[in-house]
Every structure is written in structure tokens, then in C-alpha cells.
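One letter stands for each residue in the lines below.
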Amino acid sequence: MSERTGSKDEDRGGTQTYDEPEGDRPYIDTVFDALADWRRREVCQFFRETDVSTATVDELAMLLAACEPSGLGESDGRTHDEFATELTETHLPRLDAAGVVDYDDRSGTVRYWGQPTVEKWLEHVTEVDGRCA
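Peer 1: What is the right way to look at the overall build of the chain in this model?
Peer 2: Looking only at helices and strands, the chain has six helices and five strands in total. Each of the 133 residues in the chain was classed as buried or not, and the buried ones make up 34%. Sequence separation of at least 24 residues holds for 52% of the intrachain contacts in the chain that already meet a minimum separation of 6. Carbon and sulfur atoms provide 46% of the accessible area of the chain, an area that totals close to 8100 Å².

Peer 1: Looking at this model, I keep getting lost on the sheet that holds strand 5 (residues 109–112). Mind explaining?
Peer 2: Strands belonging to one sheet form pairs held by backbone hydrogen bonds; the direction of such a pair is parallel or antiparallel. If you walk across this open sheet you meet the three strands as 3-5-4, and the pairing is antiparallel. Pairing within the sheet leaves two strands with one partner each, and these edge strands are strand 3 (54–56) and strand 4 (101–104). For this sheet the average axis-to-axis angle between neighbouring strands, irrespective of direction, equals 20°.

Peer 1: Just checking my understanding: could you explain the packing of aromatic side chains for this structure?
Peer 2: To describe a pair of aromatic rings, one takes the distance between the centres and the angle between the planes. Going through the model one piece at a time under the given rule, you end up with four aromatic pairs. Both rings, one in F32 and one in W121, keep their centres 5.0 Å apart while their planes meet at 75°; by these two values the pair is edge-to-face. Taken together, the residues span a long stretch of sequence, with F32 in helix 2 (residues 28–34) and W121 in helix 6 (residues 116–129) at a distance of 89 residues. A relative accessible area of 39% means that F32 is categorised as partly exposed. Taking relative accessible area as the criterion, W121 reaches 31% and is therefore assigned partly exposed. Aromatic side chains F46 and F47 sit 5.2 Å apart centroid to centroid with 70° between the ring planes, which places their arrangement in the edge-to-face category.

Peer 1: Any chance you could explain the packing of helix 3 (residues 38–49) against helix 5 (residues 80–97) here in plain terms?
Peer 2: Axis angle and axis distance: for two packed helices, these are the angle between their axes and the distance between the axes, and together they describe the pair. Running from N to C, helix 3 and helix 5 cross one another at 75°; their axes reach a closest spacing of 10 Å. Here helix 3 is positioned roughly perpendicular relative to helix 5, judged by the angle of their axes. Taking contact as the criterion, the partners of W38, R39, R40, V43 and C44 in helix 3 are, on helix 5, F83, E86, L87, H91, L92, R94 and L95. Class assignment of the residues belonging to the contact of helix 3 with helix 5 gives a composition of seven nonpolar, one polar and four charged.

Calculation notes
- Residues numbered from 1 in each chain as written.
- Predicted model: local features only at pLDDT ≥ 70, side-chain atom pairs only at ≥ 80, totals over all residues.
- Heavy atoms only, no water.
- Helix = DSSP H or I, 4+ residues; strand = E, 2+ residues; numbered from the N terminus.
- Buried < 20%, exposed > 50% of the residue type's maximum accessible area, 1.4 Å probe, protein only.
- Contact = heavy atoms within 4.5 Å.
- Areas by Shrake-Rupley, 256 points an atom, 1.4 Å probe, with all protein chains shown as cover.
- Pairing = 2+ DSSP bridges.
- Axes fitted to C-alpha atoms, helices over the stretch in contact; angles between N-to-C directions.
- Phe/Tyr/Trp six-rings, centres within 6.5 Å; stacked < 30°, edge-to-face > 60°.
- Parallel < 35°, antiparallel > 145°, perpendicular 65-115°, else oblique.
- Nonpolar A, V, L, I, M, F, W, Y, C, P; charged D, E, K, R; others polar.

Encoded structure:
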């Protein structure tokens, strides 16, 4: 067992003890953080719904440009280059750190190996929130 700070306990200044996850299953806060942004969800959904296991940053930027939700308070109509920059500077490193993808910033490639916990939550998000068609 290890001590991890849970989000509810952090607010109260305490810690709670959790069992270590088995195998490659990520800690649930890591999964929620990885899926907290629509761009990261779209990247994961792309790999989940296709037989593709590797994509380039350019391919993923095109996907995001096509699926950008309106009314998020962000600048609508961003360019491909803006999405590519967001992916390389923020979203892909975050997904990589969470163990959801392998991102090689030198080659600009992303590899997805599959992550059952992430995919289960993606199913739920899709049912509740919908997504780009």
C-alpha cells in the first residue's frame, strides 16, 4: 500500500491510503486529468475507434481542427498550426506522462497501445457528452 493524496483529502489537508493499481492501470486521478480536456479526449477516441496505432502530430491537428467544439470561450477557427502547437506543447506530453500514449517529439509521432481504464471512461464521456462525428 502507498499513501497518495486524494483530491477530497487535499482540500482538508489530509491523506488517504490507496492500494497500488495493478499492472499498467493508471491511478484514477491521472486518468481524469488526461481526459479533462476535449483535445486529449479526441486524440484518445481517434485511436480507440480506428485500427490505427500510430499517427503524426499533423494528422491529429487536422482531426482537432475538424472537431473543434463551438462556444468553449476559446478562439474559434484556430489554424492547423495552432492545434499542432497545442498538441506538441501541452496535450501530447500530458498524455505521454499519464502513460496513455507514447509521444516522440523528435519525429512528431504518437503511438497508442490501448489503455482499458481510459477507454472505459471515454465510453462514458461519449454517452453523456457526445463527440465529433
